[in-house]
Amino acid sequence: MHKITLITGDGTGPEIVEATRKCIDATGVKIDWDVQECGIEIIEAEGKVPDRVIESIKANKVAIKGPITTPIGKGFRSVNVYLRQELNLYACVRPCKSYKGVRTYFEDSNVDLVLIRENTEDLYAGVEFQSGDDKTAQLIKTINEFASGKKINTREDTTGVSIKPISYEGTRRIADFAFDYAIKNERKSVTSVCKANIMKFTDGLWYDETRAAALAYGAKFEWDELAEGVKPDPELVGKVADSNGNVTYMERLIDNMCMQLVQKPELYDVIVTQNLYGDILSDLCAGLVGGLGVAPGANIGTEAALFEATHGSAPKYKGQNKVNPTALILSGKMMLDYIGEREAAAKLEQAVADVIAEGKDVTYDMKPNRNDPTAVGTQEMAEAICRKMQ
Ligand code: NAD
(Lines give C-alpha, C1' and ligand atoms only; values in the text may rest on other atoms or scores of the structure.)
Protein backbone atom coordinates (compact mmCIF):
# COMPACT_ATOMS: atom_id res chain seq x y z
CA MET A 1 0.00 0.00 0.00
CA HIS A 2 1.43 3.39 -1.04
CA LYS A 3 0.36 6.53 0.80
CA ILE A 4 0.17 9.44 -1.63
CA THR A 5 -0.97 13.04 -1.25
CA LEU A 6 -3.71 14.07 -3.67
CA ILE A 7 -4.10 17.84 -4.07
CA THR A 8 -7.37 18.80 -5.71
CA GLY A 9 -6.43 22.22 -7.15
CA ASP A 10 -9.08 24.64 -8.41
CA GLY A 11 -10.86 25.57 -11.65
CA THR A 12 -11.02 22.35 -13.65
CA GLY A 13 -8.48 20.78 -11.25
CA PRO A 14 -10.92 18.76 -9.10
CA GLU A 15 -12.49 17.23 -12.24
CA ILE A 16 -9.25 16.05 -13.79
CA VAL A 17 -7.97 14.92 -10.38
CA GLU A 18 -11.08 12.75 -9.95
CA ALA A 19 -10.63 11.32 -13.46
CA THR A 20 -6.95 10.59 -12.76
CA ARG A 21 -7.60 8.94 -9.43
CA LYS A 22 -10.15 6.64 -11.09
CA CYS A 23 -7.60 5.58 -13.73
CA ILE A 24 -4.75 5.03 -11.24
CA ASP A 25 -7.03 2.98 -8.97
CA ALA A 26 -8.13 0.93 -12.00
CA THR A 27 -4.52 -0.23 -12.54
CA GLY A 28 -4.96 -2.31 -9.36
CA VAL A 29 -2.12 -0.59 -7.47
CA LYS A 30 -3.18 -0.13 -3.84
CA ILE A 31 -3.00 3.51 -2.86
CA ASP A 32 -4.12 5.14 0.37
CA TRP A 33 -4.93 8.63 -0.93
CA ASP A 34 -4.27 11.46 1.51
CA VAL A 35 -6.69 13.96 -0.07
CA GLN A 36 -5.75 17.60 0.50
CA GLU A 37 -8.31 20.12 -0.67
CA CYS A 38 -6.21 23.01 -1.85
CA GLY A 39 -7.07 25.54 -4.50
CA ILE A 40 -7.19 29.29 -4.81
CA GLU A 41 -10.31 29.67 -2.61
CA ILE A 42 -8.65 27.91 0.34
CA ILE A 43 -5.34 29.72 -0.20
CA GLU A 44 -7.10 33.10 -0.29
CA ALA A 45 -9.18 32.26 2.79
CA GLU A 46 -6.14 31.08 4.81
CA GLY A 47 -3.73 33.63 3.32
CA LYS A 48 -1.24 30.96 2.20
CA VAL A 49 -0.89 27.35 1.15
CA PRO A 50 -2.03 25.55 4.31
CA ASP A 51 0.82 24.00 6.33
CA ARG A 52 -1.12 20.71 6.41
CA VAL A 53 -0.65 20.40 2.63
CA ILE A 54 3.13 20.85 2.83
CA GLU A 55 3.32 18.52 5.83
CA SER A 56 1.32 15.86 4.00
CA ILE A 57 3.67 16.01 0.99
CA LYS A 58 6.74 15.90 3.22
CA ALA A 59 5.36 12.92 5.14
CA ASN A 60 4.24 10.92 2.11
CA LYS A 61 7.11 12.07 -0.15
CA VAL A 62 4.94 11.63 -3.26
CA ALA A 63 2.06 13.83 -4.38
CA ILE A 64 -0.12 14.37 -7.42
CA LYS A 65 -1.80 17.69 -7.86
CA GLY A 66 -4.44 19.47 -9.90
CA PRO A 67 -3.58 22.92 -11.26
CA ILE A 68 -3.90 25.95 -8.99
CA THR A 69 -4.75 29.46 -10.23
CA THR A 70 -2.32 32.31 -9.59
CA PRO A 71 -4.41 35.48 -9.19
CA ILE A 72 -2.88 38.37 -11.09
CA GLY A 73 -2.03 41.48 -9.09
CA LYS A 74 -3.27 40.29 -5.68
CA GLY A 75 0.15 39.88 -4.17
CA PHE A 76 0.09 36.07 -4.26
CA ARG A 77 3.19 34.36 -5.54
CA SER A 78 2.66 31.40 -7.84
CA VAL A 79 1.73 28.46 -5.62
CA ASN A 80 3.64 26.23 -7.98
CA VAL A 81 6.87 28.20 -7.59
CA TYR A 82 6.27 28.27 -3.82
CA LEU A 83 5.87 24.47 -3.64
CA ARG A 84 8.99 23.91 -5.73
CA GLN A 85 11.02 26.13 -3.42
CA GLU A 86 9.51 24.89 -0.16
CA LEU A 87 10.09 21.25 -1.07
CA ASN A 88 13.37 21.84 -2.92
CA LEU A 89 12.01 20.22 -6.06
CA TYR A 90 15.08 20.91 -8.17
CA ALA A 91 14.29 18.79 -11.23
CA CYS A 92 11.37 19.36 -13.56
CA VAL A 93 10.73 16.33 -15.78
CA ARG A 94 8.54 16.68 -18.87
CA PRO A 95 8.20 13.68 -21.18
CA CYS A 96 7.03 14.52 -24.72
CA LYS A 97 5.79 11.58 -26.68
CA SER A 98 3.68 11.30 -29.82
CA TYR A 99 0.53 9.23 -29.47
CA LYS A 100 -1.26 8.05 -32.56
CA GLY A 101 -4.52 9.95 -32.95
CA VAL A 102 -3.30 13.23 -31.44
CA ARG A 103 -3.38 15.86 -34.14
CA THR A 104 -0.16 17.83 -34.53
CA TYR A 105 1.92 19.37 -37.32
CA PHE A 106 4.49 16.67 -36.55
CA GLU A 107 2.32 13.56 -36.87
CA ASP A 108 4.89 11.73 -38.97
CA SER A 109 7.76 12.27 -36.55
CA ASN A 110 8.20 9.74 -33.83
CA VAL A 111 8.83 12.08 -30.90
CA ASP A 112 9.73 10.41 -27.61
CA LEU A 113 11.91 12.67 -25.55
CA VAL A 114 12.18 13.77 -21.95
CA LEU A 115 13.07 17.30 -21.00
CA ILE A 116 14.83 17.70 -17.66
CA ARG A 117 14.93 21.30 -16.47
CA GLU A 118 16.90 22.69 -13.54
CA ASN A 119 14.30 24.34 -11.32
CA THR A 120 16.16 26.50 -8.79
CA GLU A 121 18.91 28.63 -10.37
CA ASP A 122 19.39 30.87 -13.39
CA LEU A 123 17.38 34.01 -14.10
CA TYR A 124 14.54 32.45 -12.07
CA ALA A 125 16.53 32.87 -8.86
CA GLY A 126 14.61 36.16 -8.57
CA VAL A 127 17.69 38.36 -7.98
CA GLU A 128 16.60 41.49 -9.82
CA PHE A 129 17.29 45.21 -9.66
CA GLN A 130 14.77 47.73 -10.91
CA SER A 131 15.73 50.58 -13.22
CA GLY A 132 15.66 54.00 -11.57
CA ASP A 133 16.50 52.59 -8.13
CA ASP A 134 19.57 54.07 -6.38
CA LYS A 135 20.85 50.61 -5.51
CA THR A 136 20.62 49.56 -9.15
CA ALA A 137 22.66 52.59 -10.18
CA GLN A 138 25.27 51.72 -7.53
CA LEU A 139 25.33 48.12 -8.69
CA ILE A 140 25.87 49.15 -12.32
CA LYS A 141 28.73 51.43 -11.24
CA THR A 142 30.34 48.61 -9.28
CA ILE A 143 29.88 46.13 -12.14
CA ASN A 144 31.53 48.58 -14.53
CA GLU A 145 34.44 49.07 -12.12
CA PHE A 146 35.00 45.32 -11.84
CA ALA A 147 34.26 44.30 -15.42
CA SER A 148 37.47 43.68 -17.30
CA GLY A 149 35.78 43.02 -20.62
CA LYS A 150 32.48 44.46 -21.77
CA LYS A 151 30.66 46.93 -19.56
CA ILE A 152 27.07 48.03 -19.14
CA ASN A 153 27.02 51.11 -21.33
CA THR A 154 23.43 52.21 -20.98
CA ARG A 155 22.47 54.79 -18.32
CA GLU A 156 22.63 53.85 -14.63
CA ASP A 157 19.15 55.26 -13.99
CA THR A 158 17.39 53.71 -17.01
CA THR A 159 18.75 50.16 -16.86
CA GLY A 160 17.32 47.18 -14.99
CA VAL A 161 19.49 44.19 -14.07
CA SER A 162 18.57 40.52 -13.58
CA ILE A 163 21.23 38.19 -12.22
CA LYS A 164 21.87 34.71 -13.56
CA PRO A 165 23.59 32.50 -10.99
CA ILE A 166 24.69 29.04 -12.20
CA SER A 167 26.69 26.90 -9.78
CA TYR A 168 28.75 23.74 -10.07
CA GLU A 169 26.68 22.10 -7.33
CA GLY A 170 23.34 22.99 -8.96
CA THR A 171 24.58 21.80 -12.35
CA ARG A 172 26.05 18.61 -10.86
CA ARG A 173 22.77 17.83 -9.11
CA ILE A 174 20.66 18.15 -12.27
CA ALA A 175 23.23 16.40 -14.52
CA ASP A 176 23.41 13.56 -11.98
CA PHE A 177 19.61 13.36 -12.08
CA ALA A 178 19.55 13.31 -15.90
CA PHE A 179 22.12 10.52 -16.31
CA ASP A 180 20.56 8.47 -13.53
CA TYR A 181 17.16 8.92 -15.23
CA ALA A 182 18.62 7.93 -18.61
CA ILE A 183 20.13 4.71 -17.24
CA LYS A 184 17.08 3.70 -15.20
CA ASN A 185 14.75 4.36 -18.14
CA GLU A 186 17.01 2.78 -20.77
CA ARG A 187 17.39 6.00 -22.70
CA LYS A 188 20.05 6.29 -25.38
CA SER A 189 21.36 9.81 -24.98
CA VAL A 190 21.54 12.89 -22.78
CA THR A 191 21.85 16.23 -24.60
CA SER A 192 23.14 19.14 -22.53
CA VAL A 193 21.74 22.47 -23.74
CA CYS A 194 22.86 26.04 -23.04
CA LYS A 195 24.47 29.06 -24.74
CA ALA A 196 28.12 28.68 -23.71
CA ASN A 197 29.46 30.54 -26.73
CA ILE A 198 27.95 33.75 -25.32
CA MET A 199 27.86 33.23 -21.53
CA LYS A 200 31.24 31.72 -20.78
CA PHE A 201 31.18 31.91 -16.98
CA THR A 202 27.70 30.54 -16.41
CA ASP A 203 26.88 28.40 -19.43
CA GLY A 204 30.58 27.56 -19.88
CA LEU A 205 30.56 26.24 -16.33
CA TRP A 206 27.38 24.31 -17.15
CA TYR A 207 29.09 22.46 -20.03
CA ASP A 208 32.24 21.83 -17.94
CA GLU A 209 30.14 20.21 -15.28
CA THR A 210 27.75 18.22 -17.51
CA ARG A 211 30.81 16.82 -19.35
CA ALA A 212 32.42 15.84 -16.03
CA ALA A 213 29.18 14.18 -14.92
CA ALA A 214 28.93 12.38 -18.28
CA LEU A 215 32.40 10.95 -17.78
CA ALA A 216 31.59 9.87 -14.22
CA TYR A 217 28.61 7.97 -15.65
CA GLY A 218 30.75 6.29 -18.32
CA ALA A 219 28.80 7.97 -21.12
CA LYS A 220 30.05 7.81 -24.71
CA PHE A 221 30.77 11.31 -26.06
CA GLU A 222 29.13 12.13 -29.39
CA TRP A 223 32.35 13.84 -30.50
CA ASP A 224 35.71 12.84 -29.00
CA GLU A 225 36.81 16.50 -28.79
CA LEU A 226 34.09 17.15 -26.18
CA ALA A 227 35.92 14.84 -23.77
CA GLU A 228 39.36 16.40 -24.28
CA GLY A 229 40.86 17.51 -20.97
CA VAL A 230 37.68 16.55 -19.04
CA LYS A 231 38.05 14.73 -15.73
CA PRO A 232 35.16 12.75 -14.27
CA ASP A 233 33.36 14.64 -11.53
CA PRO A 234 35.10 13.55 -8.31
CA GLU A 235 31.85 13.83 -6.32
CA LEU A 236 30.09 11.38 -8.63
CA VAL A 237 32.73 9.01 -9.97
CA GLY A 238 32.65 5.57 -8.37
CA LYS A 239 29.39 6.42 -6.58
CA VAL A 240 27.04 6.37 -9.57
CA ALA A 241 26.06 3.65 -12.04
CA ASP A 242 28.29 3.06 -15.06
CA SER A 243 26.37 3.35 -18.32
CA ASN A 244 29.16 1.39 -20.05
CA GLY A 245 28.89 3.67 -23.04
CA ASN A 246 25.20 2.84 -23.54
CA VAL A 247 24.25 6.47 -22.98
CA THR A 248 25.67 9.01 -25.43
CA TYR A 249 26.49 12.50 -24.19
CA MET A 250 25.66 15.27 -26.69
CA GLU A 251 25.71 19.08 -26.59
CA ARG A 252 23.62 21.62 -28.44
CA LEU A 253 23.36 25.37 -28.19
CA ILE A 254 19.83 26.47 -27.30
CA ASP A 255 19.10 28.21 -30.63
CA ASN A 256 20.28 25.22 -32.65
CA MET A 257 18.34 22.89 -30.32
CA CYS A 258 15.10 24.73 -31.12
CA MET A 259 15.64 24.27 -34.84
CA GLN A 260 16.71 20.64 -34.48
CA LEU A 261 13.64 19.82 -32.39
CA VAL A 262 11.39 21.17 -35.09
CA GLN A 263 13.31 19.48 -37.91
CA LYS A 264 14.37 16.13 -36.46
CA PRO A 265 13.01 15.60 -32.94
CA GLU A 266 13.42 11.84 -33.25
CA LEU A 267 17.20 12.25 -32.88
CA TYR A 268 16.87 13.41 -29.26
CA ASP A 269 16.12 11.50 -26.12
CA VAL A 270 16.85 13.02 -22.69
CA ILE A 271 17.57 16.76 -22.80
CA VAL A 272 19.03 18.46 -19.73
CA THR A 273 19.02 22.23 -19.51
CA GLN A 274 18.86 25.31 -17.32
CA ASN A 275 15.74 26.90 -15.89
CA LEU A 276 14.91 29.53 -18.55
CA TYR A 277 15.91 27.46 -21.58
CA GLY A 278 13.95 24.58 -20.05
CA ASP A 279 10.85 26.72 -19.65
CA ILE A 280 10.91 27.65 -23.33
CA LEU A 281 11.88 24.21 -24.63
CA SER A 282 9.17 22.48 -22.61
CA ASP A 283 6.45 24.48 -24.37
CA LEU A 284 8.12 23.87 -27.73
CA CYS A 285 8.22 20.13 -26.98
CA ALA A 286 4.59 20.11 -25.79
CA GLY A 287 3.70 21.77 -29.10
CA LEU A 288 5.49 19.01 -31.02
CA VAL A 289 3.30 16.31 -29.54
CA GLY A 290 -0.11 17.96 -29.47
CA GLY A 291 -0.11 20.72 -26.87
CA LEU A 292 -1.14 21.24 -23.29
CA GLY A 293 -3.93 18.67 -23.15
CA VAL A 294 -1.42 15.81 -23.40
CA ALA A 295 1.69 17.21 -21.64
CA PRO A 296 2.44 15.56 -18.28
CA GLY A 297 5.11 16.61 -15.81
CA ALA A 298 6.82 16.09 -12.49
CA ASN A 299 8.87 18.18 -10.10
CA ILE A 300 11.30 16.01 -8.21
CA GLY A 301 13.63 16.85 -5.34
CA THR A 302 15.41 15.54 -2.32
CA GLU A 303 12.39 15.64 -0.03
CA ALA A 304 9.52 14.83 -2.34
CA ALA A 305 8.17 14.34 -5.84
CA LEU A 306 5.15 16.25 -7.11
CA PHE A 307 3.36 15.12 -10.26
CA GLU A 308 1.21 17.55 -12.24
CA ALA A 309 0.05 18.43 -15.73
CA THR A 310 1.86 21.21 -17.58
CA HIS A 311 -1.38 23.10 -18.18
CA GLY A 312 -3.13 25.43 -15.76
CA SER A 313 -6.57 25.45 -14.16
CA ALA A 314 -8.46 26.43 -17.36
CA PRO A 315 -11.05 28.21 -15.15
CA LYS A 316 -13.44 29.06 -17.99
CA TYR A 317 -14.34 25.35 -18.22
CA LYS A 318 -14.75 24.84 -14.48
CA GLY A 319 -17.54 22.42 -13.52
CA GLN A 320 -18.39 21.58 -17.14
CA ASN A 321 -16.88 18.06 -17.26
CA LYS A 322 -15.30 19.15 -20.53
CA VAL A 323 -11.48 19.38 -20.38
CA ASN A 324 -9.03 16.70 -21.33
CA PRO A 325 -7.75 14.65 -18.39
CA THR A 326 -4.89 13.05 -20.39
CA ALA A 327 -2.04 15.26 -19.17
CA LEU A 328 -2.76 14.56 -15.50
CA ILE A 329 -3.44 10.86 -16.16
CA LEU A 330 -0.04 10.62 -17.90
CA SER A 331 1.48 12.44 -14.91
CA GLY A 332 -0.10 9.64 -12.86
CA LYS A 333 1.67 7.15 -15.12
CA MET A 334 4.97 8.91 -14.32
CA MET A 335 4.10 8.69 -10.63
CA LEU A 336 3.49 4.94 -10.87
CA ASP A 337 6.91 4.55 -12.51
CA TYR A 338 8.47 6.66 -9.77
CA ILE A 339 7.04 4.50 -6.98
CA GLY A 340 8.27 1.36 -8.75
CA GLU A 341 4.90 0.20 -10.15
CA ARG A 342 6.26 -0.08 -13.67
CA GLU A 343 3.84 -2.71 -14.95
CA ALA A 344 0.85 -0.69 -13.82
CA ALA A 345 2.39 2.43 -15.37
CA ALA A 346 2.84 0.68 -18.72
CA LYS A 347 -0.74 -0.67 -18.57
CA LEU A 348 -2.13 2.80 -17.88
CA GLU A 349 -0.12 4.39 -20.68
CA GLN A 350 -1.23 1.72 -23.14
CA ALA A 351 -4.88 2.25 -22.18
CA VAL A 352 -4.53 6.02 -22.71
CA ALA A 353 -2.82 5.43 -26.07
CA ASP A 354 -5.57 2.99 -27.18
CA VAL A 355 -8.41 5.37 -26.27
CA ILE A 356 -6.70 8.26 -28.08
CA ALA A 357 -5.91 6.13 -31.13
CA GLU A 358 -9.56 5.00 -31.40
CA GLY A 359 -10.61 8.63 -31.19
CA LYS A 360 -14.14 7.82 -30.03
CA ASP A 361 -14.22 8.38 -26.25
CA VAL A 362 -12.11 11.53 -26.27
CA THR A 363 -12.75 15.12 -25.18
CA TYR A 364 -13.60 17.96 -27.58
CA ASP A 365 -10.01 19.10 -28.04
CA MET A 366 -9.01 15.73 -29.48
CA LYS A 367 -11.74 15.61 -32.10
CA PRO A 368 -10.98 16.85 -35.63
CA ASN A 369 -13.63 19.51 -35.12
CA ARG A 370 -13.87 21.13 -31.67
CA ASN A 371 -17.68 21.30 -31.91
CA ASP A 372 -17.98 17.58 -32.65
CA PRO A 373 -21.13 16.46 -30.78
CA THR A 374 -19.63 12.99 -30.23
CA ALA A 375 -16.93 14.39 -27.91
CA VAL A 376 -17.22 12.89 -24.43
CA GLY A 377 -16.68 14.54 -21.04
CA THR A 378 -13.67 14.40 -18.71
CA GLN A 379 -15.10 11.55 -16.60
CA GLU A 380 -16.33 9.55 -19.61
CA MET A 381 -12.87 9.64 -21.18
CA ALA A 382 -11.38 8.43 -17.88
CA GLU A 383 -13.96 5.65 -17.70
CA ALA A 384 -13.07 4.53 -21.24
CA ILE A 385 -9.40 4.36 -20.15
CA CYS A 386 -10.40 2.29 -17.10
CA ARG A 387 -12.38 -0.12 -19.31
CA LYS A 388 -9.30 -0.66 -21.50
CA MET A 389 -7.39 -1.84 -18.45
CA GLN A 390 -9.97 -4.42 -17.41
P1 NAD B 1 -4.38 27.08 -18.88
O2 NAD B 1 -3.42 25.99 -19.19
O3 NAD B 1 -5.17 26.92 -17.64
O4 NAD B 1 -5.43 27.26 -20.06
C5 NAD B 1 -5.17 27.84 -21.31
C6 NAD B 1 -6.15 27.26 -22.32
O7 NAD B 1 -5.64 25.98 -22.70
C8 NAD B 1 -7.53 26.97 -21.75
O9 NAD B 1 -8.37 28.06 -21.83
C10 NAD B 1 -7.98 25.83 -22.61
O11 NAD B 1 -8.47 26.33 -23.84
C12 NAD B 1 -6.70 25.07 -22.87
N13 NAD B 1 -6.52 23.95 -21.92
C14 NAD B 1 -5.74 23.91 -20.83
N15 NAD B 1 -5.81 22.73 -20.24
C16 NAD B 1 -6.67 21.98 -20.98
C17 NAD B 1 -7.17 20.67 -20.87
N18 NAD B 1 -6.80 19.84 -19.88
N19 NAD B 1 -8.05 20.23 -21.80
C20 NAD B 1 -8.44 21.03 -22.80
N21 NAD B 1 -8.00 22.29 -22.95
C22 NAD B 1 -7.12 22.77 -22.05
O23 NAD B 1 -3.53 28.43 -18.85
P24 NAD B 1 -3.88 29.87 -18.29
O25 NAD B 1 -5.27 30.26 -18.71
O26 NAD B 1 -2.73 30.70 -18.69
O27 NAD B 1 -3.81 29.69 -16.72
C28 NAD B 1 -4.96 29.60 -15.87
C29 NAD B 1 -4.45 29.61 -14.44
O30 NAD B 1 -3.70 28.42 -14.16
C31 NAD B 1 -3.53 30.78 -14.14
O32 NAD B 1 -3.87 31.33 -12.91
C33 NAD B 1 -2.15 30.16 -14.08
O34 NAD B 1 -1.29 30.84 -13.21
C35 NAD B 1 -2.47 28.78 -13.54
N36 NAD B 1 -1.46 27.76 -13.88
C37 NAD B 1 -1.26 26.80 -12.97
C38 NAD B 1 -0.36 25.77 -13.25
C39 NAD B 1 -0.16 24.72 -12.21
O40 NAD B 1 -0.92 24.63 -11.28
N41 NAD B 1 0.85 23.90 -12.37
C42 NAD B 1 0.32 25.73 -14.47
C43 NAD B 1 0.06 26.75 -15.41
C44 NAD B 1 -0.84 27.76 -15.10
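What counts and how
- Residues numbered from 1 in each chain as written.
- Predicted model: local features only at pLDDT ≥ 70, side-chain atom pairs only at ≥ 80, totals over all residues.
- Heavy atoms only, no water.
- Pairing = 2+ DSSP bridges.
- Helix = DSSP H or I, 4+ residues; strand = E, 2+ residues; numbered from the N terminus.
- Contact = heavy atoms within 4.5 Å.
- Axes fitted to C-alpha atoms, helices over the stretch in contact; angles between N-to-C directions.
- Phe/Tyr/Trp six-rings, centres within 6.5 Å; stacked < 30°, edge-to-face > 60°.
- Buried < 20%, exposed > 50% of the residue type's maximum accessible area, 1.4 Å probe, protein only.
- Lys NZ or Arg CZ within 6 Å of the ring centre and 35° of its normal.
- Near = heavy atom within 4 Å.
- Polar contact = N/O pair within 3.5 Å; in protein donor to acceptor, adjacent residues only side chain to side chain.
- Areas by Shrake-Rupley, 256 points an atom, 1.4 Å probe, with all protein chains shown as cover.
- Nonpolar A, V, L, I, M, F, W, Y, C, P; charged D, E, K, R; others polar.
- Core = buried A, V, L, I, M, F, W, Y, C linked by side-chain atoms within 4.5 Å.
- Lys, Arg positive; Asp, Glu negative; His and termini not counted.
- Salt bridge = Lys/Arg side-chain N within 4 Å of Asp/Glu carboxyl O.
- Expected span 1.5 Å × (residues − 1).
- Arc of directions from axis to C-beta.

1. Some remarks on the sheet that holds strand β12 (residues 298-300)
Here's step 1: Here we have 11 strands laid out as an open sheet, ordered β2-β1-β3-β13-β12-β4-β5-β11-β8-β10-β9, and mixed in their pairing. Of all the strands in the sheet, the pair left with one neighbour each is β2 (31-36) and β9 (220-221).
Here's step 2: Sheet contacts for helix α8 (residues 254-263): β5 (112-118), β8 (189-194), β10 (248-253) and β11 (270-273); angle to β10, the most-contacted strand, approximately 105°.

2. Considering the packing of aromatic side chains
Here's step 1: Scanning the model with the defined rule gives six aromatic pairs in all.
Here's step 2: Arranged with centres 6.3 Å apart and planes meeting at 35°, the rings of phenylalanine 179 and tyrosine 249 form a pair that is tilted. With a gap of 70 residues between them, phenylalanine 179 in helix α6 (residues 168-184) and tyrosine 249 in strand β10 connect regions that are remote in the sequence. No difference in accessibility class separates phenylalanine 179 from tyrosine 249, as the two residues are buried.
Here's step 3: Pairing tyrosine 317 with tyrosine 364 gives two aromatic rings, centres 5.7 Å apart and planes at 55°, and the pair type is tilted. Taken together, the residues tyrosine 317 in the loop between β13 (305-308) and α10 (326-338) and tyrosine 364 in the loop between α11 (342-358) and α12 (378-389) connect sequence positions 47 residues apart. The two residues tyrosine 317 and tyrosine 364 agree in class, both being buried.
Here's step 4: Taken together, the aromatic side chains of Phe179, Tyr217, Phe221 and Tyr249 make up a single cluster linked through ring pairs.
Here's step 5: Seen from the ring of tyrosine 124, arginine 117 lies directly overhead, with NZ or CZ sitting 5.2 Å from the centre.

3. Observations regarding the site of the ligand
Here's step 1: The ligand sits among 20 residues. The nearest are Ile68, Thr70, Gly312, Ala314 and Asn324.
Here's step 2: In this structure, glutamate 308 approaches the ligand through a side-chain N or O atom, which is 2.9 Å from a nitrogen atom.
Here's step 3: At a separation of 2.9 Å, a nitrogen atom of the ligand approaches a polar backbone atom of asparagine 324.
Here's step 4: When isolated, the ligand has an accessible area of 810 Å², and the protein chains bury 70% of it.
Here's step 5: Per-class residue counts for the shell around the ligand are eight nonpolar, eight polar and four charged.

4. Notes on the nonpolar core
Here's step 1: Within the largest apolar cluster, 95 residues are counted, with the highest numbers of intra-cluster contacts made by Ile116, Phe179, Leu261, Ile271, Met335, Leu348 and Ile385.
Here's step 2: Considering every element that reaches this core, the biggest residue donor is α11, with eight residues.
Here's step 3: Residues in contact with isoleucine 385, not counting those within four places in the same chain, are Cys23, Ile329, Leu348, Ala351, Val352 and Val355.
Here's step 4: In this structure, Ile43, Val49, Ile54 and Leu83 belong to the second largest nonpolar core, which totals 15 residues.

5. Examining the side chain of glutamate 15
Here's step 1: Tracing the backbone through its elements, the reader meets glutamate 15 in helix α1 (residues 13-26).
Here's step 2: Of the buried charged residues, glutamate 15 lacks a salt bridge, with lysine 318 as the closest side chain of opposite charge at 7.8 Å.
Here's step 3: Leaving out residues up to four positions away in the same chain, glutamate 15 has contacts with Tyr317, Lys318, Gly319, Gln320, Asn321, Lys322, Thr378 and Gln379.

6. Description of the pattern of salt bridges
Here's step 1: Under the defined criterion, the tally for this structure stands at 25 salt bridges.
Here's step 2: Between glutamate 156 and lysine 141 there is a salt bridge; the shortest N-O distance is 3.9 Å. Here glutamate 156 is found in the loop between α5 (134-146) and β7 (161-162), whereas its partner lysine 141 is found in helix α5, with 15 residues between them in sequence.
Here's step 3: Taking the relative accessible area as the measure of exposure, glutamate 156 reaches 30% and is therefore partly exposed.
Here's step 4: Given the relative accessible area of 46%, lysine 141 is considered partly exposed.
Here's step 5: With its nearest N and O atoms 2.6 Å apart, the salt bridge here joins arginine 211 to glutamate 251. Remark: glutamate 251 occurs in strand β10 and arginine 211 occurs in helix α7 (residues 203-216); sequence separation between them is 40 residues. Take arginine 211 and glutamate 251: they sit in the same class, and that class is buried.
Here's step 6: Salt bridges linked by common partners bring Asp112, Arg187, Lys188 and Asp269 together as one network.

7. Quick notes on the pairing of β13
Along a regular strand, successive side chains alternate from one face of the sheet to the other.
Here's step 1: Judged by which residues are buried, β13 turns out to be covered on both faces: Ala305 and Phe307 on one side and Leu306 and Glu308 on the other are all buried.
Here's step 2: Note: strand β3 (residues 62-65) against β13, four bridges, orientation parallel. For lysine 65, the partnering residue across the bridge sits in β13 and is glutamate 308.
Here's step 3: By the bridge criterion, three bridges tie β12 to β13 in an arrangement that is antiparallel. Within the sheet, the bridge partner assigned to alanine 298 lies in β13 and is phenylalanine 307.

8. Observations regarding helix α9 (residues 275-288)
Residues three or four positions apart in an α-helix share a direction because the helix packs 3.6 residues into each turn.
Here's step 1: The terminal C-alpha atoms of α9, which comprises 14 residues, lie 20 Å apart, in line with the 20 Å expected from a rise of 1.5 Å per residue.
Here's step 2: Among all positions of α9, only Asn275, Tyr277, Gly278, Leu281, Ser282, Cys285, Ala286 and Leu288 are buried. All buried residues of α9 fall inside an arc of 160° around its axis, so they share one side.
Here's step 3: Next to the buried residues of α9 lie β4 (91-97), β5, β8, α7, α8 and β11.
Here's step 4: Residue glycine 290 follows α9 closely and has a positive phi angle near 120°.

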